[in-house]
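# Close look at the chain arrangement
Each chain, letter by letter, is given below.
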Amino acid sequence: MRQLVYVFIVMCVVNTGNAWAQVSSDCANAVPICNNTPVNGGTDGYGVDDFKEVETSGCLEKTLSGAIESNSAWYRFKTGASGQLGFNIGIDPEEDWDFALYRASDCGALGDPIRCNFYDNKEQNTYIGVGEDPSAHTNNVQYEEWLQVEAGEEYYLMVNNFSNVNSGFSIQFSGNLFVTNPYDALDCSIINNLLGPPIAACDTEIVNLDATTDDALKYSWYKDTGSGFTVVLGEVSETLQVSDPAMYRVVVETKNQNDIISDVQVAFTKTPKTFGVSDEYFCFGELDTYNLSDKDAQVLGDQSSEEVVVTYHSTPSDAFYGTNPLSKNYPLSVGEHQIFIRTTAMENSNCFDVSEEFSITVYKPLVKDFPLMVYLCEDNTNVIIGDLSPDPKYYYQWDSGETSSSISVAQGGTYTLSIYDGESDGICENTFEIQVIASKTPRIKNIKISDLQDNNSITIVPVGEGEFEFKLNNGPYQAEQVFDNVAPGLHRVTVNDPRGCGSVTETIVVVGYSKFFTPNGDGVNDLWHISGVSSLKDPVVFIYDRYGKLIKQLTKNSIGWNGTLDGYVLPATDYWFKLSYVDTNGQRLYAKYINSHFSLKR
């Protein structure tokens, strides 16, 4: 009896425990695929040199093997529709894998790869590929840009490992192409195998193997879980429903005696379970971002993060299709945000659960519109502090026990006000410390005038201590009490409390005078007078002796005093003087702070 054997590929069969896998190390026998692949049994060697001793192919270079390949596996696929296409190669994070993708229909004319990656896996990534990392690692350098494909394009994919011992990998297709064309994104007509391509299924599925042949006489089914093929007793129909991972074989006896033998690998992946998580509440400004990874442990429950990938999405559709995963550092903004969770089996992205979601609510905090530093002026018995325009959504609590938005206080100190947002159930608690500072109304105790004729200065002395500011005439306020280079004449000085407790202004006269004179008839300093009174109206200078006796009156037209009284020479000693003038209201005033003395020397 002749046997016509249809096999899926010329294959290398590798034992990996209870799983057998189909792997081809040569491009000529590349495994045709049109869907996700199960985890294979790893690679061992590279067969023939598919690159014919060239030094490089795209990003790949010769390895220690003497060829570009070390331990390679070849696959080929054909697009059935147009759109965005990518793929994820699931690997052991402890292993280093490279890949190159060629748009070609013949191994003899591969050309340069259109996507290629050779980075080592120092970051211990669990995926490499084209498109985006399904685990939301946006900075994964082992990913290349998405492909935009047209229907009917053929591709060869070479996956290579530098280690002689590795645990294999799986291939999972991605991209919008599989959303818009879920059943014909890839063309399965390239697979010349009765039972089809390797099957990656979920443990919730029953796989139906179909060996229907028109002229079949008999069907015999076999199963190999690692110890060789054994017959599946009682199964003689054209289909076989399986739920166990294994290599399956069908032998079809036909009427023309050309028996058909077809093998296929069937692998099952446990579908993850998404465990429920608690909602999160924040007050805006408390954190800039929320780390979604903090939810991973709750989501996984007793499942391993090495077997299940957790991603978060902003819409149910994105979660279902595994697209647009949110950054793990989720930016917080005011409002309620619904987060949809997807748990995906690492080895098969078709095995996933999107049954859970949670919300992140960010409340808007109170915008403070009241001062935290209030001044209690000595002329006031109390001052109102707190929020004078309260929002009815908020609750108020003072450290004194009062619950009004504002209170009246009669003394300085620190007062604490806590404000709660009623809608946020206490999440947005704002606590403010309000400083009440007792402040005195400014008063002038003295103004020291240094009359030096050429460089006059004044020093303003306020009553008591305080944080006052000082101004001369219409000039700016300054913290210093001293003003230099003051011209003789009439001036206004102001002392102000910058905290709002008032100001005081006084008018002063700055004059220049000699500290002594010598009326001895030598023509030098024989007369004494003051200068700087020309701007005053009707100024009069009164000169007294030490006992307060009026000695002389001088007007601005007087030439000065010669040291005599009624023709008699007065003794050498100190004499005092005062200055009066008529103000703008027509009243005669004595210039304040001018009560100085000078010396008569003989």
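See the structure printed just above.
Basis of the calculations
Residues numbered from 1 in each chain as written. Predicted model: local features only at pLDDT ≥ 70, side-chain atom pairs only at ≥ 80, totals over all residues. Heavy atoms only, no water. Helix = DSSP H or I, 4+ residues; strand = E, 2+ residues; numbered from the N terminus. Rg over C-alpha atoms; globule rule 2.2 N^0.38 Å. Contact = heavy atoms within 4.5 Å. Areas by Shrake-Rupley, 256 points an atom, 1.4 Å probe, with all protein chains shown as cover. Buried < 20%, exposed > 50% of the residue type's maximum accessible area, 1.4 Å probe, protein only. Phe/Tyr/Trp six-rings, centres within 6.5 Å; stacked < 30°, edge-to-face > 60°. Disulfide = S-S within 2.5 Å. Core = buried A, V, L, I, M, F, W, Y, C linked by side-chain atoms within 4.5 Å. Salt bridge = Lys/Arg side-chain N within 4 Å of Asp/Glu carboxyl O.

Here we take up the overall build of the chain. Summing up its helical and strand segments, the chain has three helices and 50 strands in all. Relative to the compact-globule value of 25 Å for 602 residues, the chain shows a C-alpha radius of gyration of 49 Å, a clear excess of over 25%. Overall, the C-alpha framework of the chain stretches about 165 × 60 × 35 Å when taken along its three principal axes. The contacts in the chain between residues at least 6 apart in sequence include a share of 63% that link residues at least 24 apart. Total accessible area computed for the chain in this model is approximately 29900 Å², and 47% of it derives from carbon and sulfur atoms.

Of note, Asp538 is a non-glycine position whose phi angle comes to about 50 degrees, a positive value. Assignment of secondary structure puts Asp538 in strand S44 (residues 537-544). With phi around 55 degrees, Asp566 is a residue other than glycine that occupies positive phi space. Structurally, the position occupied by Asp566 is in the loop between strand S46 (564-565) and strand S47 (568-569). Residue classification places Asp566 among the exposed positions, given a relative accessible area of 71%.

Moving on, we get to the packing of aromatic side chains. Counted according to the given criterion, the structure contains 27 aromatic pairs. Centroid distance Phe51 to Tyr102: 6.1 Å. Interplanar angle 45 degrees. Geometry classified as tilted. In this pair, Phe51 sits in the loop between strand S3 (31-32) and strand S4 (56-57) while Tyr102 sits in strand S8 (residues 97-103), placing the two residues 51 residues apart along the sequence. This pair shows no difference in class: Phe51 is buried, exactly as Tyr102 is.

The full count for this structure, using the stated rule, is six disulfides. Put simply, Cys59 and Cys116 are joined by a disulfide, and their sulfur atoms are 1.9 Å apart. Taking the sign of the torsion about the S-S bond as the criterion, the disulfide between Cys59 and Cys116, at about -80 degrees, is left-handed. A residue pair is termed long-range when its members are at least 10 positions apart, and Cys59 in the loop between S4 and strand S5 (60-61) and Cys116 in strand S9 (residues 115-117) qualify at 57 residues.

Residues Ile458, Trp528, Ile530, Ile543, Trp561, Phe577 and Leu579 are the most contacted members of the largest nonpolar core, which totals 37 residues. Tallying contributions element by element places strand S48 (residues 574-582) first for this core, with four residues. Formed by 30 residues, the second largest nonpolar core is a distinct cluster that contains Leu85, Leu147, Val159 and Ile190.

It is worth spelling out the pattern of salt bridges at this point. Summed over the entire model, instances satisfying the criterion amount to 10 salt bridges. When the shortest N-O distance is used, the salt bridge between Glu506 and Lys592 registers 3.2 Å. Pair noted here: Glu506 is in strand S40 (residues 503-510) and Lys592 is in the loop between strand S49 (588-590) and strand S50 (597-600), with a separation of 86 residues, a long-range link.

These figures capture arrangement, not role.
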